[in-house]
Amino acid sequence: MGYEEILLSTSGLVDAAPPVTDMEVAGASTTFGGNIVVGADGSVNLRAHDPAGAGVASGFSRTHWSLDGAAGVSDSSMTVVSLGAGGHFLEFRSEDRVGNLESQKTLEIAMDTAPPRLGGLAPGMGQVFRNGLDKITVSFDVHDDRDPTPSSRAFLRRLEDRGVNGASRPAQVEVSSGQVIEPFGLDDGLWELVVSATDFVLNPAGVSGGIFEVLHDTLPPRSTLSYGAPSYGQYPVFLTNTVPITLAAADDLLITGDEMGFGTAETYVAVDSGSFSVYLGSFSLSGAGTHTVRYYGMDRAGNSEAVRVFEAVIDDLAPHTMAAFTPKPYQAGSGRLYLTSAALLALSGEDEPSPQHASGLAFIEYRLGAAQGFTRYQSAFSLSPGEQSLEFRGVDNLGNTETANTLSVFVDTAAPRTELIISGGKQYAQDGRTYASADTGFGFSALDPEINSAASGVRETLHSLDGSAYTAFGSTFSLNDGSHTLAFQSRDNVGNLEVLQSAAVWVDAFAPISAFHIGEPLFISSTGVRHV
């Protein structure tokens, strides 16, 4: 047929150029040793664009990056890479929309977050510089891990004006390390050294040195006396012969109490009637009674204070304590002490040797049994049944402690037990009654039972016959013909009284009468013979 296809045509743009990624550093930064160093606020910004090659650019697609081996992809033309402290290795490249991939770029970068180190500051805390006697030498060190020459600045700053005409003199003086200053070049008062520094990425550091003084001395020292423990009271003060007594002195400058003088040269001390000598260290007083200590100080400028006086009373003796029972205990022939459970134990004491030389009794303490700790005595108390081992001692206001007194007591809580004893004669029991012949003897036997190892023993047995008054039983007794009631009870040596007992007894003192009877029929002969 000879048909022909219609001619078709199309057109397109060819992008053969990859994107370009530029690196920017935000924040403080510098180049050191061929590497970039950024400060603590620094970051790396990756900014990508797709340049038009031959007038054609498909446009930015994404940025591929890796920090220390950790990969990331960003579809933003502006990528912010955050850094941590230390050195890092950064790789990055970008890709356009048709897959053109930029050649990989690498960067070594370090983040420096450490400020410079400041040290070796002088003058130091507490130093005193006296005009005409001392010189002020300023020194400090500045070091940094990366920056070999960090910048620094230093000045002396006045904190408190203690001199005269301070307002006319500078309150701040710029200095350098190694500089020597005469104290006269500074105003009297309190000062400190202030040093600041920055490294090449502006990490800041600052430090203040110790407070030091610049002064002149016009007043004598002020000596003080102190004493250790134990002590008691104030006027007078009671001490033991082991208590250390210490002297100290403060030297003032312009105002009493400012303690800014040149310092105390010597302190002198005398005890009782003795002569003054140089104080060399803590001492104690010996011998019971009142003692006098005199002392004064002299400073390095030759100013001498007035003599001061201190009085103390030495008490080295322990108190004396006593125990008292109410009611009084019973002491057996063996020496044992017996108490009733109702008995109260009271402890008392006094401090020796005399009121004016004794600090006084502080407290009494006691314990029951060596396994227990001591308890502070408050008021009279009773003891538990059985054997009790008591220790007690007194302590005075200086802690002088008495050697413990020991006391062993037995607390008897059980009353005796009494038994009616019937002996001799004849007895007969019928229908619950006890019948006895007139020659029957009656008596009592009592026993104090031992409970918890404590038995004080029977003191007496009391008895009453037919309601009569109670009398102490002495020996066996007999009863008259008839019915009788015996009441009886016993008491032990600490007063425990048995519950009242009673017994009924019928005493028959007469023999029976016999009778013979003959019934009916009965015939009695003239001779009196009965016939039945």
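Residues numbered from 1 in each chain as written. Predicted model: local features only at pLDDT ≥ 70, side-chain atom pairs only at ≥ 80, totals over all residues. Heavy atoms only, no water.

Each helix and strand counted, the protein has 0 helices and 45 strands in total. Taking 24 Å as the expected radius of gyration for a compact globule of 532 residues, we find that the protein reaches 57 Å, considerably beyond that expectation. Reported as C-alpha extents along the three principal axes, the dimensions of the protein are approximately 210 × 130 × 35 Å. When each of the 532 residues of the protein is scored for burial, the buried share is 37%. When contacts within the protein are restricted to residue pairs at least 6 apart in sequence, long-range pairs at least 24 apart make up 60% of them. Here the protein has roughly 29,300 Å² of accessible surface; of this, 51% comes from carbon and sulfur atoms. Once the 29 positive and 62 negative side-chain charges of the protein are each reduced to a mean point, those two points are 4 Å apart. (Helix = DSSP H or I, 4+ residues; strand = E, 2+ residues; numbered from the N terminus. Rg over C-alpha atoms; globule rule 2.2 N^0.38 Å. Buried < 20%, exposed > 50% of the residue type's maximum accessible area, 1.4 Å probe, protein only. Contact = heavy atoms within 4.5 Å. Areas by Shrake-Rupley, 256 points an atom, 1.4 Å probe, with all protein chains shown as cover. Lys, Arg positive; Asp, Glu negative; His and termini not counted. Charge placed at Lys NZ, Arg CZ, Asp CG, Glu CD.)

Residues Ala122 and Pro123 are joined by a peptide bond in cis, for which omega reads 10 degrees. Locating Pro123 in the fold gives a position in the loop between β10 (117-122) and β11 (128-130). Ala229 connects to Pro230 through a cis peptide bond whose omega is 5 degrees. Position of Pro230 among the secondary structure elements: in the loop between β20 (221-227) and β21 (231-232). Of note in this structure, Asn452 is not a glycine but carries a positive phi near 55 degrees.

Counting across every chain of the model gives 17 aromatic pairs. Ring centres of Tyr435 and Trp506 lie 6.1 Å apart, and the angle between their planes is 40 degrees; this geometry places the pair in the tilted category. With Tyr435 in strand β38 (residues 433-437) and Trp506 in strand β43 (residues 501-508), this pair connects stretches of sequence that are 71 residues apart. Since its relative accessible area comes to 27%, Tyr435 is described here as partly exposed. Following the ring pairs from residue to residue traces out a cluster consisting of Phe442, Phe444, Phe473, Phe477 and Phe488. Against the face of Phe363 rests Arg376, its NZ or CZ located 3.6 Å from the ring centre. Of note, Arg393 hangs over the ring of Phe374, and the distance from its end group to the ring centre comes to 3.8 Å. (Phe/Tyr/Trp six-rings, centres within 6.5 Å; stacked < 30°, edge-to-face > 60°. Lys NZ or Arg CZ within 6 Å of the ring centre and 35° of its normal.)

Moving on, we get to the sheet that holds strand β1 (residues 20-26). Taken together, 3 strands build an open sheet; the order of strands is β1-β4-β7 and the sheet is antiparallel. Strands with a single pairing partner mark the edges of an open sheet, and in this sheet they are β1 and β7 (78-81). Between one strand and the next, the sheet's axes are offset by a mean angle of 20 degrees, whatever the strand orientation. Bridge count for strand β4 (residues 43-49) against β7 is 4 bridges, and the pairing is antiparallel. (Pairing = 2+ DSSP bridges. Axes fitted to C-alpha atoms, helices over the stretch in contact; angles between N-to-C directions.)

So, about the sheet that holds strand β22 (residues 237-239). Across the sheet, 6 strands lie side by side as β21-β22-β27-β26-β24-β25; this open sheet has mixed pairing. If you trace the sheet from one side to the other, it starts and ends with β21 and β25 (277-278), each paired once. By the bridge criterion, 7 bridges tie strand β24 (residues 264-271) to strand β26 (residues 289-299) in an arrangement that is antiparallel. Across the sheet, the residue bridging to Val271 is Val293, located in β26.

So, about the pattern of salt bridges. Inspection of every chain in the model, using the stated rule, returns 14 salt bridges. Here Glu192 ties to Arg157 by a salt bridge, and the two come within 2.4 Å at their closest N and O atoms. Of this pair, Glu192 sits in strand β17 (residues 189-198) while Arg157 sits in strand β14 (residues 151-161), and the two are 35 residues apart along the sequence. Take Arg157: its relative accessible area is 31%, and that puts it in the partly exposed class. Glu460 serves as the salt-bridge partner of Arg491, at 3.3 Å between the closest nitrogen and oxygen. (Salt bridge = Lys/Arg side-chain N within 4 Å of Asp/Glu carboxyl O.)

Moving on to the environment of Val237. Of note, Val237 is situated in strand β22. Measuring from C-alpha to C-alpha, the distance between Val237 and Val505 comes to 79 Å, with 268 residues separating the pair along the chain. If sequence neighbours within four positions are ignored, Val237 has contacts with Tyr227, Tyr232, Phe310, Glu311, Ala312 and Val313.

Along the chain, Thr340 turns up in strand β30 (residues 337-340). Distance from Thr340 to Ala270, taken between C-alpha atoms, is 60 Å for residues 70 residues apart in sequence.

Relative to strand β18 (residues 204-208), β17 runs antiparallel, the two being bridged by 5 bridges. Counterpart to Thr198 in the pairing with β18 is Pro204. Hairpin connection, β17 to β18: the antiparallel pair is bridged by 5 residues, and Leu202 has positive phi, about 70 degrees.

Averaged over all residues, the pLDDT of the protein is 88; the fraction at 70 or higher stands at 93%. The secondary structure element of the protein with the lowest average pLDDT is strand β45 (residues 530-531), at 66, and the one with the highest is β25, at 97. (pLDDT = per-residue confidence, 0-100.)

Here we come to the pairing of strand β9 (residues 105-111). Taken together, the 3 bridges between strand β3 (residues 35-38) and β9 define a ladder with parallel strand orientation. The partner of Val37 across the bridge, within β9, is Ala110.

Further remarks concern a nonpolar patch on the surface. Together, Met125, Leu159 and Ile211 give the surface a local cluster of nonpolar side chains, amounting to about 290 Å² of exposed area. Along the chain, Leu159 falls in strand β14. (Patch = residues over 30% accessible without salt bridge, like charges linked within 9 Å, V, L, I, M, F, W, Y side chains within 5 Å.)

Here we take up the side chain of Ser66. Locating Ser66 in the fold gives a position in strand β5 (residues 60-67). Polar contacts involving the side chain of Ser66 include one to the main-chain amide nitrogen of Gly69, which spans 3.5 Å. (Polar contact = N/O pair within 3.5 Å; in protein donor to acceptor, adjacent residues only side chain to side chain.)

Considering the arrangement of structural elements, one finds Val309 in strand β27 (residues 308-314). Since its relative accessible area comes to 55%, Val309 is described here as exposed. Val309 sits 12 residues away from Thr321 along the chain, and the two C-alpha atoms are 36 Å apart.

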